[in-house]
Amino acid sequence: MTIAEDDPRQPYEQAAETLRREIRGGVIKPGRKVGSVRELASRFSISPTTVQKALGVLRDEGLVTTTGRGNYARDPKQVAEAATPGIGTDLSEVLRQLEHVTSQLSELRDRIERLEASRPGRADKNQ
């Protein structure tokens with residue numbers, strides 16, 4: 001599986017989403033290895049640094065745990081039970097998610113501006 005270039009999400013987000021679906025869907029069973037950084041980099045055709053970022057997202061969500069021996073899937077049911085949305089929601093998590101969404105919006109805005117600027121005949125329409 002490779003990362004889709006036309007997807008507005010960053011490569012690490014796409015890789016994280018694929019692994020998230022596999023963990024939640026039972027393709028990767030709780031306690032099983034998710035894959036080494038090298039294996040995942042090859043699988044997704046991305047750099048090891050990008051894989052580390054994707055794994056960091058999944059660790060933050062509680063779906064992956066990393067030990068000296070590798071990256072392992074956690075039971076998504078236990079993760080869901082441990083997360084208690086509502087009054088007890090961690091403000092730092094809300095701020096992290098807000099920052100993430102803001103970053104995505106900024107990237108999309110930049111991408112749209114670049115696309116509009118590269119359209120043929122763009123200069124003629126402004127005159």
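Use the structure listed above.
Residues numbered from 1 in each chain as written. Predicted model: local features only at pLDDT ≥ 70, side-chain atom pairs only at ≥ 80, totals over all residues. Heavy atoms only, no water.

For this particular structure, what's the right way to read the pairing of strand E1 (residues 64-67)?
Moving residue by residue along a regular strand, the side chains alternate between the two faces of the sheet. In this sheet, strand E2 (residues 70-73) lies alongside E1 in antiparallel orientation, the contact comprising 4 bridges. Along E2, the bridge assignment pairs valine 64 with alanine 73. Taking the residues that link successive antiparallel strands as the turn, the E1-E2 hairpin has 2 residues. (Pairing = 2+ DSSP bridges. Helix = DSSP H or I, 4+ residues; strand = E, 2+ residues; numbered from the N terminus.)

Got a minute to help me understand the pattern of salt bridges in this structure?
A pair can form between side chains of opposite charge whenever their charged atoms are brought close. Using the criterion set out here, one finds 5 salt bridges in the structure. The residue glutamate 61 makes a salt bridge to arginine 20 at a minimum N-O spacing of 2.7 Å. Taken together, the residues span a long stretch of sequence, with glutamate 61 in helix H3 (residues 48-61) and arginine 20 in helix H1 (residues 11-24) at a distance of 41 residues. By relative accessible area, which is 13% here, arginine 20 ends up buried. Counted as one network, the salt bridges with shared partners bring together Glu17, Arg20, Arg21 and Glu61. (Salt bridge = Lys/Arg side-chain N within 4 Å of Asp/Glu carboxyl O. Buried < 20%, exposed > 50% of the residue type's maximum accessible area, 1.4 Å probe, protein only.)

Could you clarify how one ought to interpret the nonpolar core in this entry?
Side chains of nonpolar character tend, in soluble globular proteins, to be buried together. Counting residues in each nonpolar core, the largest one holds 22 residues, and the members touching the most others are Leu19, Ile23, Val34, Leu40, Phe44, Val51 and Leu55. When contributions to this core are tallied by element, the ones reaching two or more residues are H1, helix H2 (37-44) and H3. Filtering out sequence-adjacent residues up to four positions away, isoleucine 23 remains in contact with Ile28, Val34, Leu63, Val64, Ala73, Arg74 and Pro76. (Core = buried A, V, L, I, M, F, W, Y, C linked by side-chain atoms within 4.5 Å. Contact = heavy atoms within 4.5 Å.)

What exactly am I supposed to notice about H3 here?
Because the α-helix completes a turn every 3.6 residues, residues three or four places apart line up on one side. With 14 residues, H3 should cover 20 Å at 1.5 Å per step; its first-to-last C-alpha distance of 20 Å lies within 8% of that length. Residues Val51, Ala54, Leu55, Gly56, Val57 and Leu58 constitute the buried set of H3. Contacts from the buried residues of H3 go to H1, H2, E1 and E2. Count one or two residues on from H3 and you reach glycine 62, which has phi positive near 85°. (Expected span 1.5 Å × (residues − 1).)

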